[in-house]
Amino acid sequence: LMMSGGGLLWGTLSVIFGLAVESSVPYAYVVITAINFAILAQTKHFPAARYVQTTASLLLPFAFQWTLGGFMTSGCMMIWGMMALIGSLTFDELKHLARWAAMFVSLTVLSGFLEPHLGVPDPIRNPTVSTVFFVLNMVVVNLAVFGLTVFFVSGREKALDELVVKNAQLAS
């Protein structure tokens, strides 16, 4: 859901900056998420929903970056793909995490090869727009990663506190 907020943010900013066609990528993420959650609610098949959501969360930021002309002009939009990796820590099996990390690295390398061949839409040729995109990407994604880290650490501390209580109960 957090990334859907990002999809709405970036879709709307894209429209505001005159990138109506390009806005279809982040808006597509919101639609895919809504459909995926609706299917999950009906089928209760979590593994399929998990795969769809992680795949969309990983691929679409790269696709959006490519439509915006690459790393610099998009403000390194692919950093949102990192949220797929962080998110997968919360709901995927450890054995799958290497696969998602390899996909992230592969898409990043592919982006480097594609960079010289990508067209830059006219509205984004303004360096101020790229700077705004870059600042927002770094602030929002890094705050989300920080928030998830705090969530994990507080969960760990709670579990350790509960373990101390259980050990004390067993000892008495």
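Shown above is the structure to which this text applies.
Residues numbered from 1 in each chain as written. Predicted model: local features only at pLDDT ≥ 70, side-chain atom pairs only at ≥ 80, totals over all residues. Heavy atoms only, no water.

All right, on to a nonpolar patch on the surface then. Residues Phe134, Val135, Val139 and Leu143 make up a contiguous nonpolar surface patch of roughly 360 Å² in combined accessible area. Position of Phe134 relative to the elements: it lies in helix α7 (residues 127-171). In this structure Phe134 comes out as partly exposed when scored by relative accessible area, which is 41%. (Patch = residues over 30% accessible without salt bridge, like charges linked within 9 Å, V, L, I, M, F, W, Y side chains within 5 Å. Areas by Shrake-Rupley, 256 points an atom, 1.4 Å probe, with all protein chains shown as cover. Salt bridge = Lys/Arg side-chain N within 4 Å of Asp/Glu carboxyl O. Helix = DSSP H or I, 4+ residues; strand = E, 2+ residues; numbered from the N terminus. Buried < 20%, exposed > 50% of the residue type's maximum accessible area, 1.4 Å probe, protein only.)

Bringing empty space enclosed by the protein into the picture now. Under the counting rule described, the total for this entry stands at one cavity of 30 Å³ or more. In this model, the largest cavity occupies a volume close to 140 Å³. Lining the largest cavity we find Met3, Gly6, Gly7, Trp10, Val25, Pro26, Tyr29, Leu60, Pro61, Phe64, Met77 and Trp80. For the lining of the largest cavity, the secondary-structure elements that each account for two or more residues are α1 (2-16), α2 (24-43) and α3 (46-67). Tallying contributions element by element places α1 first for the lining of the largest cavity, with four residues. Looking at the lining of the largest cavity residue by residue, the class counts come to ten nonpolar, two polar and no charged. (1 Å grid on protein atoms, 1.4 Å probe; cavity = no way out; pocket = protein on both sides within 12 Å on 5 of 7 lines; lining within 4 Å. Points joined across faces, edges and corners; volume = space filled by probe spheres on them. Nonpolar A, V, L, I, M, F, W, Y, C, P; charged D, E, K, R; others polar.)

Our focus in this paragraph is the pattern of salt bridges. Scanning the model with the defined rule gives one salt bridge in all. Arg125 is the salt-bridge partner of Asp122, the closest N and O atoms lying 3.1 Å from each other. Classification of Asp122 as exposed rests on a relative accessible area of 60%. Judged by its relative accessible area of 55%, Arg125 falls in the exposed class.

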